[in-house]
Amino acid sequence: MTVPVLNHYALDDDVVAFSTTRRGGVSEDRYASFNITHYCGDNSEHVMQNKKLLAEVLRISPQDIILPRQTHQTNILHVDADFFNLSESQRSARLEGIDALITSQPKVCIGVSTADCIPILLYDKFHHTVVAVHAGWRGTVERIAEKAIAAMQQIFGTQPEQLTAVVGPGISLENFEVGEEVYEQFLQQGFNMMRIARHYAKWHIDLPLCNRLQLIETGLSPENILMSGICTYRQHNDYFSARRLGILSGRIFTGIMMR
């Protein structure tokens, strides 16, 4: 039997937090073999089968795996009880253009898809709330992680110092080469370029570190931030990397669910 191979994160006994790998699914070629993202060109039947396989592992319905259609913006959706009263088409419309999800619903797995961008998971044990964030370089510049925490504070009264977090698989500084215009955007937004950037033939930016620093600046304790340390570009045989495989390839799903 095909079973998805997951990289689990030990956040808390009350939550399941993980990133998918390329192992244990039915997709083929550059989508091989586990991909549940439906808008990256994969065979829709394979995507559906993979999603069912993941749902079986999580012991929930496939409809309770919530994945937005990300557009590198900073729009955040609160997946509340009313969301599950919507029709399938209404759900899809709500998830369009969303790059971060928040929920306090148990047995609902929210997550984001990445293939070099940085996925971030947040857990508020005191308010029983979880968050999944997609932070590409554009979202990182616009401080989407900080905005997600601000939304948690507004909706649930979250205290950042009580949060635990995961910074999941993404491209490393050594492999994330950028143009001068990208470097300038980080500089103009006040990032500490001495810490997050390095110049080789071109500029390179450390997106995992940049997001870790954002979390700390927002109030998270450094010891409560788990860094996966996985470079998708370097480990493209185990994790999808758009820079290695092209845009028309699979995506990692990094998800979180309260039991």
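Structure: above.
The structure presented is a predicted model; accordingly, all values stated were derived computationally and were not measured.

Chemist: Could you clarify how one ought to interpret the pattern of salt bridges in this entry?
Modeler: Close approach of charged atoms lets side chains of opposite charge pair. Scanning the model with the defined rule gives five salt bridges in all. With a shortest N-O distance of 3.3 Å, K125 and D12 are connected by a salt bridge. You can see K125 sitting in the loop between β7 (118-124) and β8 (129-135) and its partner D12 sitting in the loop between β1 (6-9) and β2 (15-20), a full 113 residues away along the chain. What makes K125 partly exposed here is its relative accessible area of 41%. In this structure, E217 engages R143 in a salt bridge whose closest nitrogen and oxygen atoms are separated by 3.8 Å.

Chemist: Is there a simple way to think about the nonpolar core in this case?
Modeler: For soluble globular proteins, nonpolar side chains are generally found buried alongside one another. Counting residues in hydrophobic clusters, the biggest one holds 39 residues, and the most contacted among them are L122, F186, I196, I205 and L215. The greatest single-element share of this core, amounting to seven residues, is contributed by helix α4 (residues 144-156). Those residues within four positions of L122 in sequence are excluded, and the remaining contacts are T129, V130, V131, I149, M152, T164, A165, L215, L220 and I256.

Chemist: Help me out: how do you make sense of the sheet that holds strand β4 (residues 76-79) in this one?
Modeler: Strand pairing in a sheet is mediated by backbone hydrogen bonds. Such pairs are either parallel or antiparallel. The strand order across the open sheet formed by six strands is β4-β5-β8-β7-β9-β13, and the pairing between neighbours is mixed. Looking at strand neighbours, the two that pair on one side only are β4 and β13 (225-227), the edges of this open sheet. Along the sheet, successive strands turn relative to each other by an average axial angle of 15°, direction set aside. Those strands touched by α4 are β4, β5 (100-103), β7, β8 and β9 (163-167), and its axis lies near 155° from that of β8.

Chemist: Would you mind showing me how to read the packing of aromatic side chains here?
Modeler: To describe a pair of aromatic rings, one takes the distance between the centres and the angle between the planes. Inspection of every chain in the model, using the stated rule, returns four aromatic pairs. Aromatic pair F18 and F253: ring centres 6.0 Å apart, planes at 50°, arrangement tilted. With a gap of 235 residues between them, F18 in strand β2 and F253 in strand β14 (residues 252-258) connect regions that are remote in the sequence. Both residues of the pair, F18 and F253, count as buried. Above the plane of the ring of F191 lies R143, whose end atom (NZ or CZ) is 4.2 Å from the centre.

Chemist: Honestly, unusual backbone geometry in this entry has me stumped. Any pointers?
Modeler: Keep in mind that most residues, glycine aside, have a negative phi and that most peptide bonds are trans. For the bond from A32 to S33, the omega torsion is -10°, close enough to zero to count as cis. Looking at the secondary structure, you find S33 in the loop between β2 and α1 (44-58). Unlike most non-glycine residues, D29 shows phi in positive territory, near 55°. Within the secondary structure, D29 is located in the loop between β2 and α1. Non-glycine residue D116 carries a positive phi angle of around 135°. Classification of D116 by relative accessible area gives buried; the value is 8%.

Chemist: Is there a simple way to think about the pairing of β1 in this case?
Modeler: For a regular strand, side-chain orientation follows a simple rule: the groups alternate between the two sheet faces. Pairing of β1 with β2 involves four bridges; the strand directions are antiparallel. Paired with H8 across the bridge in β2 is F18. Count of turn residues in the β1/β2 antiparallel hairpin: five residues.

Chemist: Can you help me understand the pairing of β14 in this one?
Modeler: Most of β14 is tucked away, with seven of its seven residues classed as buried. What you see with β14 is no split at all: I252, T254, I256 and M258 on one side and F253, G255 and M257 on the other are buried throughout. As paired strands, β2 and β14 are joined by five bridges and run antiparallel to one another. The residue bridging F18 from the neighbouring strand is G255, located in β14.

The rules behind the values
- Residues numbered from 1 in each chain as written.
- Predicted model: local features only at pLDDT ≥ 70, side-chain atom pairs only at ≥ 80, totals over all residues.
- Heavy atoms only, no water.
- Salt bridge = Lys/Arg side-chain N within 4 Å of Asp/Glu carboxyl O.
- Helix = DSSP H or I, 4+ residues; strand = E, 2+ residues; numbered from the N terminus.
- Buried < 20%, exposed > 50% of the residue type's maximum accessible area, 1.4 Å probe, protein only.
- Core = buried A, V, L, I, M, F, W, Y, C linked by side-chain atoms within 4.5 Å.
- Contact = heavy atoms within 4.5 Å.
- Pairing = 2+ DSSP bridges.
- Axes fitted to C-alpha atoms, helices over the stretch in contact; angles between N-to-C directions.
- Phe/Tyr/Trp six-rings, centres within 6.5 Å; stacked < 30°, edge-to-face > 60°.
- Lys NZ or Arg CZ within 6 Å of the ring centre and 35° of its normal.

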